[in-house]
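In case you want the letters, here they are:
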Amino acid sequence: MNAYFMNRLRPWVQALSLVVLVYGSSVVGFYSAEKLSGALPVLSCAYDQENSAYCVLIPLQHQLHHRLGEGLVKLQAVTMGMVMPLVFTMLSFLVFFLVLNKAFCGWICPLGTVQEWIYAAGRRLGLGTRRVPDGSRGRVSAVKWVILALFVLAVPLVSGMGLAPHAFRDPWCQVCPSRIVTTLLTANGEQVAVPFKGDWADTAFAALRNLVFGFGALFALTFRQPFCRICPMLSLHALFRHFAPLRLAKRASDRCDRCGLCAKACPMDIREVQTRVGAAAFTDDCTLCGRCVAFCPEDGTLALALGPFRLVESSKAAFARVTRAESPEGDPKPARRRAKEAAS
Amino acid sequence: MRVPMFLAMALLAAAPAAAQHANHGAPPAANAGEPDWTKLPTLSAALRGRTGAQVSAFNGAASEIIATAPDGTTATLALTSGTASYKPATGNYHLLAAVDSCDAHVATAATAVYFPNPGRAPTDILAAPRQGLTVVPERLPREHSAYRAGETWRFLVTMDGQPFPGAKVRFETANGSRAELVSEVDGTVDVTFPEDFPPRDQRPPEAHGRPVTADFVVAATFQTGTVQHIGAFNYSYRPGAYDGSSLATGAGFAVLGMVAAAPLLRRRKGGAK
Ligand code: SF4
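Conventions and cut-offs
Residues numbered from 1 in each chain as written. Chains lettered and ligands numbered in written order. Predicted model: local features only at pLDDT ≥ 70, side-chain atom pairs only at ≥ 80, totals over all residues. Heavy atoms only, no water. Phe/Tyr/Trp six-rings, centres within 6.5 Å; stacked < 30°, edge-to-face > 60°. Helix = DSSP H or I, 4+ residues; strand = E, 2+ residues; numbered from the N terminus. Buried < 20%, exposed > 50% of the residue type's maximum accessible area, 1.4 Å probe, protein only. Salt bridge = Lys/Arg side-chain N within 4 Å of Asp/Glu carboxyl O. Near = heavy atom within 4 Å. Nonpolar A, V, L, I, M, F, W, Y, C, P; charged D, E, K, R; others polar. pLDDT = per-residue confidence, 0-100. Contact = heavy atoms within 4.5 Å. Pairing = 2+ DSSP bridges. Core = buried A, V, L, I, M, F, W, Y, C linked by side-chain atoms within 4.5 Å. Axes fitted to C-alpha atoms, helices over the stretch in contact; angles between N-to-C directions. Parallel < 35°, antiparallel > 145°, perpendicular 65-115°, else oblique.

## Observations regarding the packing of aromatic side chains
Residues and elements named next belong to chain B. Enumeration over the complete set of coordinates arrives at 19 aromatic pairs over all chains. Here the aromatic rings of Phe193 and Phe216 are separated by 4.8 Å at their centres, their planes lie at 70 degrees, and the arrangement is edge-to-face. Of this pair, Phe193 sits in the loop between strand E14 (188-192) and strand E15 (214-224) while Phe216 sits in strand E15, and the two are 23 residues apart along the sequence. With respect to class, Phe193 is no different from Phe216; both count as buried. A centroid spacing of 6.2 Å and a plane angle of 65 degrees characterise the contact between Phe216 and Tyr237, whose relative ring orientation is edge-to-face.

Put into structure tokens, the structure is as follows:
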């Protein structure tokens, strides 16, 4: 596929996925958990009653809490039956998760899509683009691993064992911004509301959730996809990225040093896509959005590949068309300049 | 080392895809125990672990309960002193029904029970034709949800599998609300759950972080000659969506977050950074 076409196609795939995932109950049926539940590794919230799937992170936390945590405490043997109920129903999930890899982040996840829309709005407002400074990227990138290890895996387990308050059974979901974004999209404000009943931790979690949401929603105008940087779904995917057939492929080229447009185009501020080659260019932060491929001016240097097949390759021709419409940072080119560039 | 670890992590990541939620996501079932708030026939199902329930029938003389699994298979549970135990093989919603019939009346009580294990959605069992006068909801609440005060949900009255218009429908709640409704031409009746919970300080404490529930029953009645037909469905509902919580406070925190982010929007001198 032509990289220009892919770059144009992606927003449509994202919009369609958002409609299905956020409003999908009218598409696939009310109890559509039956059809899609857990099969798509994206942030789509179970608290949203219109949607068609729930995010896999919720049951992951609950299972660690109830099955493993409580099981350990009751001194039951931790059987395969606890960790792995029903191998067959998880096949769909495994196939999606493993084959498409992190493309879910860049193509399907509604939270990513909404953030891209906000950033696009920032372009219209003429705002600048902020990046993670090169020196801090490692630290920012580590946050998502800490969140996966602590908030999704360890704390629910410890809470299930009775060593942390019950309110900590699903700490990630308690603060997940998708819980607010996808429910607000269905005109439901319940996830914004702060409870003043029961556990103080629930009140604190809801306050924190809103703070994080408000901060990220505005920051996304000038900083691409702030939530994606710390998302535990990204780290969960990243664990498997070198086993999955879909990946970012980079060939060595001696012109990369002087160019760097790919890194500028990358919404995750990944410098390695410019500076490294081979598997090392495909980092744990990559969402397989393919922008770097579209903004690479050299034939075949960057590609999205599925196993041995190079699905989308960078090319001079695609680069020329992509850059006529927008800058690597996503700023749209004014029509006049576009016409002039086309003429020259 | 890498491959076994990969497999272990893949299975761990995928396991939740297979299982439905443990107790927390489960919609609340009808409360167990003899109801003192209605004379209409009701059923209760108290969960015993993840896969079993103790089922009881009240306000009638039914001798057995027919349990329908989401795949349509049925089990007959004999009632001993009004109770029976039910241990289905699959999860999700199961429908329970008990018929009490004599010369003077035919009464069908029904309820649903949710087992937090994988199983088919209840679409088919709610749509399947039923004998006699029956009431079932058009939809049962999804995981993480419940019937809630202030919400309107649709119920369907059928007679021998056909939509039954014009039936007198009584709606009663354990909090004391009463309403009289009539089924529409297509047999449907819309029930709005009333905001009839006592003030928060007069409610029992919330156990395990779960909101209080109250039972309700929707019952259609119809007379043929000397025989009275009753079809009832009972379940539970919760206080309203914003009960005990503040939307304005949440919005306030969101705005606070935005205020904190606002300085970052200023364009730095020297262009994009
Ligand atoms: S490295 Fe390329 S594919 Fe990966 S996130 Fe950045 S631009 Fe997208």
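Once you've had a look at it, read on.
## Considering the pattern of salt bridges
Residues and elements named next belong to chain A. Applying the stated criterion across every chain yields a total of 21 salt bridges over all chains. Among the ionic pairs, Arg10 bridges to Glu116, the shortest N-O distance being 3.0 Å. Note that Arg10 is positioned in helix H1 (residues 3-23) and Glu116 in helix H8 (residues 110-124), a separation of 106 residues in sequence. Across the pair, exposure class does not vary: Arg10 and Glu116 are buried alike.

## Some remarks on unusual backbone geometry
Positive phi is not limited to glycine here, since Leu288(A) has a value of about 55 degrees. Among the structural elements, Leu288(A) can be located in the loop between helix H16 (272-275) and helix H17 (291-294). Here the phi dihedral of Ser81(B) falls at roughly 40 degrees; this positive angle occurs in a residue that is not glycine. With respect to the helices and strands, Ser81(B) occurs in the loop between strand E4 (74-78) and strand E5 (83-86). Take Ser81(B): its relative accessible area is 77%, and that puts it in the exposed class.

## As for the site of the ligand
Looking at the ligand, the residues that line it are Leu248(A), Cys266(A), Pro267(A), Ile270(A), Cys286(A), Thr287(A), Leu288(A), Cys289(A), Gly290(A), Arg291(A) and Cys292(A). Grouping the amino acids of the shell around the ligand by side-chain chemistry returns 8 nonpolar, 2 polar and 1 charged.

## Points about the confidence of the model for chain B
Residue and element names in this part refer to chain B. In this model, chain B carries an average pLDDT of 85, and 84% of its residues clear a pLDDT of 70 or more. Within chain B, E14 carries the highest mean pLDDT (97), whereas helix H1 (residues 2-18) carries the lowest (50). pLDDT under 50 marks residues 14-24. Its contacts with residues more than four places away, or in other chains, come to 56 contacts. Confidence drops under a pLDDT of 50 for residues 269-273, and excluding neighbours within four residues, the segment shows 5 contacts in the predicted structure.

## Comments concerning the pairing of strand E2 (residues 52-58) of chain B
All names here are of chain B. In terms of burial, E2 is a largely internal element, 6 of the 7 residues being buried. Across 7 bridges, strand E1 (residues 42-48) lies against E2 in antiparallel orientation. Each residue of the ladder has a partner; that of Ala46, found in E2, is Gln54. Two successive antiparallel strands, E1 and E2, enclose a turn made up of 3 residues, where Gly49 displays a positive phi of approximately 75 degrees.

## Here's the deal with the nonpolar core
Ranked by internal contacts, the top residues of the largest apolar core, which has 45 residues, are Leu248(A), Val273(A), Leu288(A), Cys292(A), Val293(A), Leu302(A) and Leu304(A). For this core, the leading source of residues is helix H7 (residues 103-108) of chain A, giving 5 residues. Each residue touching Leu288(A), except ones within four places of it in the same chain, is listed here: Leu100(A), Asn101(A), Lys102(A), Ala103(A), Trp107(A), Leu246(A), Arg247(A), Leu248(A), Phe282(A) and Leu304(A). Within the second largest apolar cluster, 32 residues are counted, among which are Ile125(B), Val135(B), Leu140(B) and Val191(B).

## Overview of the sheet that holds strand E4 (residues 309-313) of chain A
All names here are of chain A. Strand order in the open sheet made by the 3 strands is E2-E3-E4, with antiparallel pairing throughout. In the strand order of this sheet, the two ends are held by strand E2 (246-250) and E4, each with one partner. Taken over all neighbouring pairs, the strand axes of this sheet differ in orientation by 35 degrees on average, direction set aside. As judged from the 5 bridges shared by E2 and strand E3 (residues 302-306), these two strands associate in the antiparallel manner.

## With respect to the packing of helix H9 (residues 137-160) of chain A against helix H14 (residues 232-239) of chain A
Helix-helix packing: each pair is described by the crossing angle between the helix axes and the interaxial distance. Residues and elements named next belong to chain A. Viewed as axis vectors pointing N to C, H9 and H14 meet at an angle of 100 degrees, and their least axial separation amounts to 8 Å. The angle between H9 and H14 falls in the class roughly perpendicular. Taking contact as the criterion, the partners of Lys144, Trp145, Ile147, Leu148 and Val152 in H9 are, on H14, Pro232, Leu234, Ser235, Leu236, Ala238 and Leu239. Counted by class, the contact of H9 with H14 contains 9 nonpolar, 1 polar and 1 charged residues.

## With respect to the sheet that holds E1(B)
Residues and elements named next belong to chain B. The antiparallel open sheet is built from 3 strands, whose spatial order is E1-E2-E5. The open sheet has two edge strands with one neighbour each: E1 and E5. Put simply, the sheet's adjacent strands are angled 25 degrees from each other on average, direction ignored.

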